[in-house]
Amino acid sequence: ESQLNPGYNFENFLEGDSNRLARSAGMAVANKPGGTSFNPLLVFGGVGLGKTHLAHAIGVEIKDKYPEKTVLYISAEKFTQQYIESVKKNTRNDFIHFYQLIDVLIIDDVQFFSGKSGTQDVFFHIFNHLHQNGKQVILTSDKAPVDMQDIEQRLLSRFKWGLSAELHTPDYETRISILRNKLYRDGVEMPEDIIEYVAKNIKTNVRELEGAVISLIAQSSFNKKEVTLELAQQIVEKFVKNTKREVSIDYIQKVVSDYFQMDISTLQSKTRKRHIVQARQLAMFFAKKYTKASLASIGSQIGKRDHATVLHACKTVDNLCETDKQFRKYMEDLNKKFTQ
Ligand code: ADP
Ligand code: MG
């Protein structure tokens, strides 16, 4: 059982500027599994940008070209559960052996391994074995290897051996073609101005774009409503509202410094005064929580600090929230400002 979903293939993975590199790398790997320098191939990007789809597409294509090869798709979460189960049942060696016999191993959402040292260790051994034997490994993650946390250095360095390809948020043209394709496959006609309206207003990810179009199709075919621009507006509004709007690092610094009644320049200053340091650490913590910026970029925007300082700030905030009631209240008050 390969666990592959044939509905996720290259044909319906539409190409655009936002995914061209990752898609082409995926095709190259599918043509010559284990035979390119893209080993492992790591596809990374935010939610709903197509990581799982692309991972399946590569597997499906390989199965098609090389039916004799064993291909396995598995989520990092399921891999972890299987591993834990094998330890309980004393079958850890069988577990390792099973994975070492696979020709093409696809593991989705490897960020799930973070902090799980046993799973990382077993995966490290499986990875080495596969790689040495010219087998292909394909991984997806919500972050680039440099931004992954609580993953052992030796694994991170393996992740960087091959190619890391990012899936970006789709540009307008790509959004239009994804919408058209979806409508076409469902045999639904939709006025051009509505397609454009949806593509213009839903920008964050493909899953939402598809969600909006599915709602539109449902409204028109089940409720027999005419698909008007008003209907499209209502539906789009629902989708846009439901997504946490992305807050900027500037906005976070403004909210935090206002809350503590200080200037942004004070928040960013080099002082070691405790309440200023804590305000700055909270700003870094929220920037990590609510933006997609890398640790390095958060650090450079909040007072020219390095990524290790940001990492330390996030850990400090976590710790203080556990031990200091007053601090926890600051964090919760601020958190409300970013979530409401
Ligand atoms: P992720 O794993 O990154 O969260 P998914 O692979 O689950 O994202 O993609 C979310 C949805 O968007 C899926 O239904 C997928 O088919 C669709 N999708 C993503 N990228 C594309 C694309 N380039 N062309 C067509 N559909 C896409
Ligand atoms: Mg996914």
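Basis of the calculations
Residues numbered from 1 in each chain as written. Chains lettered and ligands numbered in written order. Predicted model: local features only at pLDDT ≥ 70, side-chain atom pairs only at ≥ 80, totals over all residues. Heavy atoms only, no water. Near = heavy atom within 4 Å. Polar contact = N/O pair within 3.5 Å; in protein donor to acceptor, adjacent residues only side chain to side chain. Areas by Shrake-Rupley, 256 points an atom, 1.4 Å probe, with all protein chains shown as cover. Helix = DSSP H or I, 4+ residues; strand = E, 2+ residues; numbered from the N terminus. Nonpolar A, V, L, I, M, F, W, Y, C, P; charged D, E, K, R; others polar. Domains from an automatic or database assignment. Salt bridge = Lys/Arg side-chain N within 4 Å of Asp/Glu carboxyl O. Buried < 20%, exposed > 50% of the residue type's maximum accessible area, 1.4 Å probe, protein only. Contact = heavy atoms within 4.5 Å. Phe/Tyr/Trp six-rings, centres within 6.5 Å; stacked < 30°, edge-to-face > 60°. Lys NZ or Arg CZ within 6 Å of the ring centre and 35° of its normal.

Visitor: Would you mind showing me how to read the site of ligand 1 here?
Guide: As a structural note, the neighbourhood of ligand 1 is formed by 17 residues, with Gly-48, Lys-51, Thr-52, His-53 and Glu-210 the closest of them. Measuring from a nitrogen atom of ligand 1, one finds a backbone N or O atom of Leu-14 at 2.9 Å. Note that an oxygen atom of ligand 1 is positioned 2.7 Å from one of the backbone N or O atoms of Gly-48. For ligand 1, the accessible surface in isolation is 560 Å², of which the surrounding protein chains cover 91%. Within the residue set of the shell around ligand 1, elements represented by two or more residues are helix 2 (51-65) and helix 9 (206-221). Grouping the constituent residues of the shell around ligand 1 by class yields 7 nonpolar, 7 polar and 3 charged. Counting the residues that make up the shell around ligand 1, at least three belong to each of domain 1 (20-166) and domain 2 (172-242).

Visitor: So what exactly am I meant to see when it comes to the pattern of salt bridges here?
Guide: Opposite charge on two side chains makes pairing possible when the charged atoms of those side chains draw close. Enumeration according to the criterion identifies 15 salt bridges in this entry. Measuring nitrogen to oxygen at the nearest pair gives 2.6 Å for the salt bridge that ties Asp-17 to Arg-20. Of the residues examined, Asp-17 reaches a relative accessible area of 58% and is grouped as exposed. Look at Arg-20 and you get partly exposed, because its relative accessible area is 36%.

Visitor: Help me out: how do you make sense of the environment of Phe-10 in this one?
Guide: Examined against the element boundaries, Phe-10 turns out to sit in the segment before helix 1 (20-31). Setting aside residues no more than four positions away along its own chain, Phe-10 makes contact with Arg-23, Gly-26, Met-27, Ala-30, Leu-54, Ala-57, Ile-58 and Glu-61.

Visitor: Would you explain the packing of aromatic side chains in this entry?
Guide: What describes a pair of aromatic rings is the distance from one ring centre to the other and the angle between the planes of the rings. Under the criterion given, the structure shown has 19 aromatic pairs. An angle of 50° between the planes, with centres 5.0 Å apart, marks the rings of Phe-95 and Tyr-99 as tilted. Taken as a pair, Phe-95 and Tyr-99 lie in helix 4 (residues 92-100) at a separation of 4 residues, close to a single helical turn. The class for Phe-95 is buried, based on a relative accessible area of 7%. Their ring planes at 85° and their centres at 5.1 Å tell us that Phe-260 and Tyr-330 sit as a pair that is edge-to-face. Placement of Phe-260 in the loop between helix 11 (249-259) and helix 12 (264-268) and of Tyr-330 in helix 16 (residues 325-339) is noted, with a sequence separation of 70 residues between them. Looking at Phe-260, the relative accessible area reads 17%, which means it is buried. Through pairs of rings, three or more aromatic residues link up here, namely Phe-79, Tyr-83, Phe-95, Phe-98, Tyr-99, Phe-113, Phe-123, Phe-127, Phe-159 and Trp-161. Just above the ring of Tyr-66 sits the side chain of Lys-69; from NZ or CZ to the centre is 5.4 Å. The cationic tip of Lys-116 hangs over the ring face of Phe-112; the distance from NZ or CZ to the ring centre is 4.1 Å.

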